[in-house]
Amino acid sequence: MNKPNIVILGAGYGGMMTAVNLQKSIGADDANVTLVNKHSYHYQTTWLHENAAGTLHHDKTRIAIKDVLDTTKINFVQDTVTNILPEEKKVQLENGELSYDYLVIGLGFEAATFGIPGLLEHAYTINSINSSRLIRQHIEYNFAKYNNEAHPKEERLNLVVGGAGFTGIEFAGELANRVPELCKEYDIPREKVRIIVVEAAPTALPGFDPELVEYAMNSLEAKGVEFKIGAMIKEVTENNLVFEKDEQREEIATNTVVWAAGVRGNSLVEEAGFEANRGRIEVTPDLRSKQYSDVFIIGDCALLFNEETGRPYPPTAQIAIQQAEQTAANLKKAVQGEKDFEAFTPDLKGTVASLGHDDAIGVVFDDKKLFGWSASAMKKVIDNRYLLKLGGISLLLKKGKLNFFK
Ligand code: FAD
Ligand code: NAD
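Report follows, based on the coordinates. (Residues numbered from 1 in each chain as written. Chains lettered and ligands numbered in written order. Predicted model: local features only at pLDDT ≥ 70, side-chain atom pairs only at ≥ 80, totals over all residues. Heavy atoms only, no water.)

1. Describing the environment of Gly224
Note the following rule: Helix and strand assignments come from DSSP, with helices taken as H or I runs of at least 4 residues and strands as E runs of at least 2, each series counted from the N terminus. In this analysis, two residues are considered to be in contact whenever any of their non-hydrogen atoms come within 4.5 Å of each other.
Here Gly224 lies in the loop between helix 8 (210-222) and strand 14 (225-229). Each C-alpha atom of the pair Gly224 and Ala172 lies 9.9 Å from the other, and the pair is 52 residues apart in sequence. Leaving out residues up to four positions away in the same chain, Gly224 has contacts with Arg190 and Ile195.

Here it is as structure tokens:
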């Protein structure tokens, strides 16, 4: 019998952990496993806000794929997926084509822009190393430029974060730590710089524990972050942001809008003809497409409902990693000729969000609330645990966040 071809698209949390688990659990004689990714590296999406603010260098966040994968067991193809043809069981790449018997789609997320005018052209998003590095450089350029113009422009120093979800809050926390350093470096008084978080809902972090939301807002406000709550962003131009609050139109002069107000699945999956909801494909309990039983979908491209609440599970790294583990186990069954795939059951361990490197909030183990140093340390433990799973102790020592007191 021919060896089946397993093709994994995307080396994010989902794709990378599927590949690593298959590397451990099946032999090279059992299946041809190919991982396709745009870059030669995997990156920790959950650290990108630090790279974007400039509080952490992006080389700490990215990990060379060949340092983690054994390429004698897993083929790695560095290329960009351009099209998925599920009827033909093929994937088109910029530089070639692959056929599969089983496909794993782990192509991640992109910003949801909700058709807001000017966002695509003028706002920045935190969704890859490239986009995050651009934000860091854009902010630095504006600080550098500020003192080099006859009439200094306030829009260069007004940094606007769109959305106070976890991404917006975490990014604002990093900015609050970074801005004093930038001010010192570029001879700019701190009081001239504004960090403004604009949130449409009646609260920051809608749906999260109110006591911790209050803690987070107080902590960030103490570091100089301003909040516009109940303020819906309506338009972004090169030098301006327009929002509506209490039925009044307001504007902020800015040429830095970082849009962190929602995500959707990679648009390639919708373009391939999968039925999608905000770019996410509703999957069977064992994480397969309802239309194509040989296609597994994991991470931010997958839509899975929590039967207890009737609501979808949020797109998180935590879930993407667990889905990858389940998918690798089911693929092992598939190559052994078994068809009774196991359903995925998430094991949600909680949520911890940073407020800069020195503060955080979280709810773990069902209902234990954490804030301050203990939450910050817990966040590092979570990050380090992932590195240990991915590449063992050597990767942890190389890339881990080992300083718990900074
Ligand atoms: P991703 O990790 O996004 O990976 C997708 C991969 O596919 C990337 O490597 C990309 O380069 C590749 N790719 C994309 N398109 C193509 C293409 N056309 N061809 C080839 N390759 C392609 N979740 C948590 O649980 N905890 C957190 O603390 C947390 N913090 C976050 C902080 C930030 C700033 C952000 C933005 C998100 C955070 N999340 C967090 C959410 C989490 O990062 C995502 O849910 C997670 O990354 C999804 O994993 P994934 O494998 O689906 O996709
Ligand atoms: P999100 O959808 O969770 O939050 C987006 C926020 O933007 C919401 O509060 C929403 O009300 C607001 N918003 C939407 N449209 C707006 C508009 N026009 N004007 C102003 N505000 C607007 O998105 P996210 O924060 O990017 O998170 C995406 C996923 O990643 C979530 O599942 C989240 O849990 C996860 N994540 C987790 C962590 C963590 O666990 N530490 C960190 C970051 C992201």
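Text resumes after the structure shown.
2. Here we look at the sheet that holds strand 21 (residues 280-282)
Let me state the cut-off plainly: Should DSSP find at least two bridges between two strands, the strands are regarded as paired.
Taking strand neighbours across the sheet as the criterion, the three strands line up as 20-21-23 in an open arrangement whose pairing is mixed. The open sheet has two edge strands, strand 20 (276-277) and strand 23 (302-303), and neither has a second partner. Examined bridge by bridge, strand 20 and strand 21 share two bridges and lie antiparallel to one another. The residue of strand 21 that forms the bridge with Asn277 is Arg280.

3. What about the site of ligand 2?
Stated formally: When at least one non-hydrogen atom of a residue lies within 4 Å of a molecule or strand, that residue is treated as near it. Think of a polar contact as two N or O atoms within 3.5 Å of one another; within protein, one of them needs to be a possible hydrogen donor and the other a possible acceptor, and neighboring residues in sequence only count if both atoms come from side chains. Here, Shrake-Rupley sampling with a 1.4 Å probe gives the accessible areas, and only protein chains in the shown set may cover a residue.
Around ligand 2, a shell composed of 24 residues is seen, among which Thr167, Glu199, Ile233, Pro315 and Val352 lie nearest. Note that an oxygen atom of ligand 2 is positioned 3.0 Å from one of the side-chain N or O atoms of Thr167. Between a nitrogen atom of ligand 2 and a main-chain N or O atom of Val352, the distance comes to 2.8 Å. In isolation ligand 2 offers 840 Å² of accessible surface; the protein chains occlude 77% of this area. Those elements that place two or more of their residues in the shell around ligand 2 are helix 7 (166-186), strand 13 (194-199), strand 15 (231-237) and strand 24 (350-354).

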